[in-house]
Amino acid sequence: MDPFVFVVLFVFGLAIGSFVNVLALRYDGEHFLFDPRVIGGRSHCPHCKHTLRWYELVPVISFVVQRARCRNCGARIGSQYPLVELLSGFIFALVPFSLQGAPVVLPTLWVIAFEILLLIAYVDIRLRIVPDELNIFLGIAGIFIAVFTVGYFGMANVSLFGAYAGIFGLQNNFWIAHLAGALAGAAFFWLLAFVSPFVFKQEGMGMGDVKLALPLGFLFGWPDILLLYGAAFVIGALAGIAMIIARKKAMKQTLPFAPFLVAGAAIAFFLGTPLVGWYFRIIGL
């Protein structure tokens, strides 16, 4: 990819990340996500309510120049603002880079899908919910990705597992593989949500995770969803252990799981093929 194009996409992604921040921070869990009552109005400091000027809203740069503080009252600005902007910037730059050679509509749709996932992760961290409308939007993005993937590559499933995908079956028909991914994901998380209160004496997976597993499973398909879930559970376990060691969580406290699913999706998308190859070489296949 031309370095100039990469930079332009990254900068545009920073701006979209700023909008993702607005949506995630203003969403109250009761209204429709894009309700004007949720996202309407000028940006302001959450502490002193000072209306922000344009030069206080430049992604990342304003945060650095103002030393992470409000220019009006001096209150600290949360690090989530530049973090989300940077993640969005990398989504816009790295997704097209990873899909070079594909028709432009496919990287565009995958960028949209990952922006939706970024928003889902942020809202789940804040409110411990996954908005239904975001699951629907992710499902719609997945359907469009599927249609254009079939139109470009044909009906055979395009898997991150490459030649190893045949071990898991269902590779002759793209639609069957992706429907199987959706159903397998939803069934697995529903089972976890059902048995957790009996086995662990507390709620484990929420229904938001179950509903998210459906479009996410369709988006990645079978068997790629196995890699995604494996990465999500490993990251979730490591994060839980780290927080327990740091005494920020007790053993019986739960963490929002959607962010780990999103992290697993990113790992599967960007690193899936080399990880699968490395794993199967280790076990001698």
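Scroll up to find the structure this text is about.
How each quantity is defined
Residues numbered from 1 in each chain as written. Predicted model: local features only at pLDDT ≥ 70, side-chain atom pairs only at ≥ 80, totals over all residues. Heavy atoms only, no water. Helix = DSSP H or I, 4+ residues; strand = E, 2+ residues; numbered from the N terminus. Rg over C-alpha atoms; globule rule 2.2 N^0.38 Å. Buried < 20%, exposed > 50% of the residue type's maximum accessible area, 1.4 Å probe, protein only. Contact = heavy atoms within 4.5 Å. Areas by Shrake-Rupley, 256 points an atom, 1.4 Å probe, with all protein chains shown as cover. Lys, Arg positive; Asp, Glu negative; His and termini not counted. Charge placed at Lys NZ, Arg CZ, Asp CG, Glu CD. Core = buried A, V, L, I, M, F, W, Y, C linked by side-chain atoms within 4.5 Å. Expected span 1.5 Å × (residues − 1). Phe/Tyr/Trp six-rings, centres within 6.5 Å; stacked < 30°, edge-to-face > 60°. Patch = residues over 30% accessible without salt bridge, like charges linked within 9 Å, V, L, I, M, F, W, Y side chains within 5 Å. Salt bridge = Lys/Arg side-chain N within 4 Å of Asp/Glu carboxyl O. Polar contact = N/O pair within 3.5 Å; in protein donor to acceptor, adjacent residues only side chain to side chain.

Looking at the overall build of the protein
- A tally of helices and strands in the protein yields 10 helices and zero strands.
- A compact globule built from 285 residues would reach a C-alpha radius of gyration of about 19 Å, and the protein, at 20 Å, matches this within 12%.
- Seen through its principal axes, the protein has C-alpha atoms that stretch 60 × 55 × 35 Å.
- Looking at the 285 residues of the protein, the share that counts as buried comes to 42%.
- Sequence-distant contacts, at least 24 apart, represent 68% of the contacts inside the protein between residues at least 6 apart.
- Carbon and sulfur atoms provide 71% of the accessible area of the protein, an area that totals close to 15300 Å².
- One finds the centroid of the 18 positive side-chain charges in the protein at a distance of 12 Å from the centroid of its 13 negative side-chain charges.

A closer look at the nonpolar core
- Phe114, Leu117, Ile120, Leu138, Phe220, Leu228 and Leu261 are the most contacted members of the largest nonpolar core, which totals 56 residues.
- Looking at this core, the elements that each hand over two or more residues are α1 (3-26), α4 (80-98), α5 (105-127), α6 (132-153), α7 (174-199), α8 (207-220), α9 (224-245) and α10 (258-282).
- At 14 residues, the largest contribution of residues to this core is made by α5.
- Not counting the four nearest positions on each side in its chain, Leu117 is found in contact with Leu138, Leu212, Leu216, Val262 and Ala265.
- In this structure, Val150, Phe174, Ala182 and Phe218 belong to the second largest nonpolar core, which totals five residues.

Remarks on the environment of Ser62
- Within the secondary structure, Ser62 sits in helix α3 (residues 61-65).
- Exposure remark for Ser62: the relative accessible area of 5% places this residue in the buried category.
- Measuring from C-alpha to C-alpha, the distance between Ser62 and Arg126 comes to 23 Å, with 64 residues separating the pair along the chain.
- When near neighbours in sequence (up to four residues on either side) are disregarded, Ser62 contacts Tyr55, Glu56 and Leu57.

Examining α6
- Compared with the 32 Å implied by 1.5 Å per residue over 22 residues, the 31 Å span of α6 between its first and last C-alpha is a close match.
- With its phi angle positive at about 100°, Gly154 sits one or two positions after the end of α6.

Concerning the packing of aromatic side chains
- For the structure on display, the rule yields 24 aromatic pairs.
- Seen from their ring centres, Phe114 and Phe269 are 5.2 Å apart, and the 70° between their planes marks the pair as edge-to-face. Remark: Phe269 occurs in helix α10 and Phe114 occurs in helix α5; sequence separation between them is 155 residues.
- On the basis of relative accessibility, which here comes to 4%, the residue Phe114 falls in the buried class.
- A relative accessible area of 12% means that Phe269 is categorised as buried.
- Here the aromatic rings of Phe188 and Phe233 are separated by 6.0 Å at their centres, their planes lie at 80°, and the arrangement is edge-to-face. Note that Phe188 is positioned in helix α7 and Phe233 in helix α9, a separation of 45 residues in sequence.

A few points about the environment of Thr254
- Within the secondary structure, Thr254 sits in the loop between α9 and α10.
- Thr254 sits in the partly exposed class, given a relative accessible area of 30%.
- Between the C-alpha atoms of Thr254 and Gly240, which are 14 residues apart in sequence, the distance is 8.4 Å.

Structural notes on a nonpolar patch on the surface
- Nonpolar side chains collect at one region of the surface, where Phe19, Phe32, Phe34, Ile136, Phe137, Ile140, Ile143, Phe144, Val147 and Phe148 lie side by side and expose about 880 Å² of accessible area between them.
- Looking at which element gives the most residues to the nonpolar patch, the answer is α6, with seven residues.
- Summarising the element assignment, Phe137 is placed in helix α6.
- A relative accessible area of 31% places Phe137 in the partly exposed class.

Side note on the side chain of Asp124
- Along the chain, the position of Asp124 falls in helix α5.
- Buried charge Asp124 goes without a salt bridge, the closest partner of opposite sign being Arg128 at 6.1 Å.
- Side-chain polar atoms of Asp124 contact the backbone nitrogen of Ala258, separated by 3.1 Å.
- Dropping the residues within four chain positions of it, Asp124 is found in contact with Ile129, Val130, Pro256, Phe257, Ala258 and Pro259.

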